Amino acid sequence: MTLPVFTIHDGLLSFSAKPLFEGLEINILENDHVCLIGRNGQGKSTLLKVLAGIYELDAGEFYQKPNTTVHYLPQDLDLPQGKSILEIVMETAGEEYAADMLLEALKIDASRAIETLSGGQKRRVLLARALAGNPDVLLLDEPTNHLDIEAIQWLEDYLNNYQGALIMISHDRYFLRRTTRSMVWLDRGDLRRTNRSYKHFEQWQEEIEQNQKSEMTKVRAKLKMEEHWKQRGVTGRRKRNQGRLERLIEMRDRRKNLLSDLPKSMTMASTEKAYGSQLVSEAFAIEKKYKDALSLGPFSTRIFKKDRIGIIGPNGAGKSTLLKMMIGELTPDIGRVRLGKSIDIAYFQQEREAMDPNDSPWQYLCPTGGDSVEVQGRAMHVVGYLKQFMFDDKQARGKISILSGGEKNRLQLAKILAQKSNVLILDEPTNDLDADTLDLLISMLSSYEGTLILISHDRDFMDQLVTAVFAIHPDGSVKECVGGYSDYEAKFGATTLIGKASKLEPEKAPEKKEITPLPKRHKLTYKDQRDYDNFPGDLKRLEADIQKTEEQLHNPKLYLNNPEEFEKLTASLEEMKNKQESMELRWLELDELNSSLS
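None of the values given here were measured: they were computed from a predicted structure.

Calculation rules
- Residues numbered from 1 in each chain as written.
- Predicted model: local features only at pLDDT ≥ 70, side-chain atom pairs only at ≥ 80, totals over all residues.
- Heavy atoms only, no water.
- Helix = DSSP H or I, 4+ residues; strand = E, 2+ residues; numbered from the N terminus.
- Buried < 20%, exposed > 50% of the residue type's maximum accessible area, 1.4 Å probe, protein only.
- Contact = heavy atoms within 4.5 Å.
- Areas by Shrake-Rupley, 256 points an atom, 1.4 Å probe, with all protein chains shown as cover.
- Salt bridge = Lys/Arg side-chain N within 4 Å of Asp/Glu carboxyl O.
- Patch = residues over 30% accessible without salt bridge, like charges linked within 9 Å, V, L, I, M, F, W, Y side chains within 5 Å.
- Lys, Arg positive; Asp, Glu negative; His and termini not counted.
- Charge placed at Lys NZ, Arg CZ, Asp CG, Glu CD.
- Pairing = 2+ DSSP bridges.
- Axes fitted to C-alpha atoms, helices over the stretch in contact; angles between N-to-C directions.
- Core = buried A, V, L, I, M, F, W, Y, C linked by side-chain atoms within 4.5 Å.
- Expected span 1.5 Å × (residues − 1).
- Parallel < 35°, antiparallel > 145°, perpendicular 65-115°, else oblique.
- Left-handed = near helix turned anticlockwise from the far one by under 90°.
- Nonpolar A, V, L, I, M, F, W, Y, C, P; charged D, E, K, R; others polar.
- Phe/Tyr/Trp six-rings, centres within 6.5 Å; stacked < 30°, edge-to-face > 60°.
- Polar contact = N/O pair within 3.5 Å; in protein donor to acceptor, adjacent residues only side chain to side chain.

Caption draft 1: Quick look at the overall build of the chain. Along the chain, the regular secondary structure elements total 21 helices and 20 strands. Within the span of the chain, comprising 598 residues, buried residues form 49% of the whole. If you take every contact in the chain between residues at least 6 apart in sequence, the share linking residues at least 24 apart comes to 69%. Just so you have it, the chain exposes about 29,700 Å², and 49% of that area is on carbon and sulfur atoms.

Caption draft 2: Quick peek at the pattern of salt bridges. Within this structure, the stated rule accounts for 21 salt bridges. With its nearest N and O atoms 2.4 Å apart, the salt bridge here joins Glu 150 to Lys 107. Residue Glu 150 is found in helix H5 (residues 149-160), and its partner Lys 107 is found in the loop between helix H3 (96-105) and helix H4 (119-131); the two are separated by 43 residues along the sequence. Judged by its relative accessible area of 40%, Lys 107 is partly exposed. Among the ionic pairs, Arg 124 bridges to Asp 148, the shortest N-O distance being 3.0 Å.

Caption draft 3: Representation of a negative patch on the surface in the model. On the surface, a cluster of negative charge is contributed by Asp 10, Glu 22, Glu 25 and Glu 61. Position of Glu 25 among the secondary structure elements: in strand E2 (residues 19-29). Residue Glu 25 is classed as partly exposed on the basis of its relative accessible area, which comes to 40%.

Caption draft 4: Inspection of the sheet that holds strand E7 (residues 165-169) at higher detail. Across the sheet, which stays open at both edges, the six strands sit in the order E5-E6-E7-E3-E8-E9 with mixed pairing between neighbours. Looking at the sheet topology across the chains shown, the edges are occupied by strand E5 (70-73) and strand E9 (190-194). Strand-to-strand twist across the sheet, computed as the mean angle between neighbouring axes with direction ignored, equals 15°. Both E5 and strand E6 (residues 137-141) contribute to a ladder of four bridges, which runs parallel. Considered in E6, the bridge of Tyr 72 is made with Leu 139. Against the sheet, H4 touches E5 and E6, its axis set at about 170° to E5.

Caption draft 5: Highlighting the nonpolar core. Formed by 49 residues in total, the largest nonpolar core has its most connected members in Tyr 385, Leu 411, Leu 424 and Leu 445. With residues up to four places along the chain from it excluded, the contact list for Tyr 385 reads Leu 365, Val 373, Val 375, Met 380, Ala 414, Leu 417 and Ala 418. One finds Ala 105, Phe 175, Met 183 and Tyr 198 within the second-largest nonpolar core, a separate group that totals 43 residues.

Caption draft 6: Spotlight on H4. Spanning 13 residues, H4 covers 18 Å between terminal C-alpha atoms, matching the ideal 18 Å at 1.5 Å per step. Of all 13 residues in H4, eleven are buried; the element is thus mostly enclosed. Among the residues making up H4, those that are buried are Gly 119, Gly 120, Arg 123, Arg 124, Val 125, Leu 126, Leu 127, Ala 128, Arg 129, Ala 130 and Leu 131. As for H4, its buried residues are in contact with E5, helix H2 (85-93), H3, E6 and H5. Positive phi shows up at Gly 133, right after H4, with a value of about 85°.

Caption draft 7: Summary view of the sheet that holds strand E10 (residues 279-288). Reading across from one edge, E11-E10-E13 is the order of the three strands in this open sheet, with antiparallel pairing throughout. Sheet topology places strand E11 (296-304) and strand E13 (334-339) at the edges, where each strand pairs with a single neighbour. This sheet shows a mean twist of 10° between the axes of neighbouring strands, independent of strand direction. Across the face of the sheet, helix H11 (residues 319-326) comes into contact with E10, E11 and E13 while running at roughly 125° to E10.

Caption draft 8: The arrangement of the packing of H2 against H4 in detail. Closest axis-to-axis distance for the H2/H4 pair is 7 Å, and the angle between their directions is 30°. By the angle between their axes, H2 is roughly parallel relative to H4. Helix-helix and strand crossings are classified by hand; for H2 and H4 the assignment is right-handed. Residues Ile 85, Ile 88, Val 89, Glu 91 and Thr 92 of H2 form the contact with H4, whose participating residues are Val 125, Ala 128 and Arg 129. Of the residues that constitute the contact of H2 with H4, the class distribution is five nonpolar, one polar and two charged.

Caption draft 9: A look at the pairing of strand E8 (residues 182-187). With respect to burial, E8 is a largely interior element, six of its six residues being buried. Residues Ser 182, Val 184 and Leu 186 point to one face of E8 and Met 183, Trp 185 and Asp 187 to the other, with burial holding for every one of them. Pairing of strand E3 (residues 33-37) with E8 involves four bridges; the strand directions are parallel. Its bridge partner being in E8, Leu 36 is matched across the sheet by Val 184. Both E8 and E9 contribute to a ladder of five bridges, which runs antiparallel. Looking at the pairing, Trp 185 lines up with Arg 192 of E9. The hairpin turn running from E8 into E9, its antiparallel successor, is two residues long, and Arg 188 in that turn takes a positive phi close to 55°.

Caption draft 10: Region of interest: the packing of H4 against H5. For the pair H4 and H5, the least separation of the axes is 13 Å and the interaxial angle reads 10°. By the angle between their directions, the pair H4 and H5 is classed as roughly parallel. Two secondary-structure elements touch here, H4 through Arg 124, Leu 127 and Leu 131 and H5 through Ala 151, Trp 154, Leu 155 and Tyr 158. Its residues assigned to classes, the contact of H4 with H5 shows six nonpolar, no polar and one charged.

Caption draft 11: The packing of aromatic side chains, seen in detail. Following the criterion strictly, the structure yields ten aromatic pairs and no others. Arranged with centres 5.8 Å apart and planes meeting at 90°, the rings of Tyr 174 and Tyr 485 form a pair that is edge-to-face. Here Tyr 174 is found in helix H6 (residues 173-179), whereas its partner Tyr 485 is found in helix H18 (residues 485-492), with 311 residues between them in sequence. Residues Phe 299 and Phe 470 carry aromatic rings whose centres are separated by 5.1 Å and whose planes lie at 70° to one another, so their mutual orientation is edge-to-face. Here Phe 299 is found in strand E11, whereas its partner Phe 470 is found in strand E19 (residues 468-472), with 171 residues between them in sequence. With relative accessibility at 5%, the residue Phe 299 sits in the buried group. What links up through ring pairs into an aromatic cluster is the set Tyr 174, Tyr 485, Tyr 488 and Phe 492.

Caption draft 12: Highlighting the side chain of Asn 409. Positionally, Asn 409 belongs in helix H15 (residues 405-418). Classification of Asn 409 by relative accessible area gives buried; the value is 4%. For Asn 409, the side chain forms a polar contact with the main-chain oxygen of Pro 429, separated by 3.4 Å.

Right, here's the structure in full:
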């Protein structure tokens, strides 16, 4: 019989006049693998701290199974001073050999001084301390922050074989799909649970919304629900963002065509003549030598205006070095880089700038005073701009110190995205962001008119945004692939970013059922090709019909004057959205097939 390790009954917790939790009910069983989801500021990290014993409930009952060992990974990167890396991990490991094995598995040099560690290295030390000692319960707050794809894949395998209770918060949807068995959703004080993995989140979300609609009267229910959706911002269902998807595919095709149309060998002068107005950066066999280490490169490529480039690779492989060479901040040891004309760069760096905790978001965006902020060269009221990033009036005037980690990250993104630029560089922008903010960021970046360059280990984020991937392999070579991370993985394999295997390998997870590969073809069938060519136009027309119907239903007088027409339009809208969904899924299948054939 599986027993609970945690139980909260009628829990109450407040940090202000309005309770963060009230009437909270939750049970965590011995073998649960649960992800906590919800917008920033809803109390996910606070709930983890309650379970870890850091915070106490103001009222209600809290039960923890006796003799249960609980290890907690915090979101921040604070490491105790005056201790060595080994001593920090030994706090939970018990035996030195166990600590050494974890440090080796996570590729941590135990001889390094704490103050010399990068964000990713600090995260690995804290992760090793949390995993050491085989605890009964693991509480992990954003465990993939600052980790590279190799470390994330190792952690996925480790957690899939972990036998205890796992409760975690993560913005990495790819990671959550592979590691969770249950979901707990925190939404404005309400808590919902389903014993399904995160891969079913969108289906669950739709079921909740359908149940909510069925409990309300016809007209007011529909209007209130539409308003509720608007207040929540972007819904997160990629399949309904067809305009963005279509634009991304068009840009990937554009980059593929630009690269394929180039002669095999071109001089710098000849490419300037051919692509002078479109070129952002051009690399000719660039290479960077490292002392006592492998070199980076050689690598040749061209980045064009409106390209969306994703750079991936293990920590320390040289992602930032490659980026700096491509934008002219660092000179390659071998090869040449030519930059396009009139490049104006906005740079969001992984090491975030310090913010005065006593300032308000208003003051942060308007440090010289006033009530307007320059957004891409145009004045906008600061509160209106902050609302685009899901800050309300009260938060705009409140102190930064009371914001959650994700809200602070969101505020810094707001400042960077306001800058006038034609090249936007984002280094690990998704750290600490919730799913709704991620969707908002994806939507904003999709509409950005300039060139976008991302460094990120968030594979789903890459899939939704980039037109090409530059992947740095452990041997220093750089591979380019048109498409997103999934396209790269399909072409080169998931293990190409992994270096020498670690000695500490958890037992292999049960083999997942593989999808039977499609039979080899040289091109699409006539019917598939016709559908593939026609779908973008058909979807665009269908999207216009949906928008027109939604506008008609938003008319509050329609139901009163013509209830039969209202019901007819409602049924028609549902039918069109179902058709849109099936067409989009079919189009994606054809696009993947076409990419594999080409």
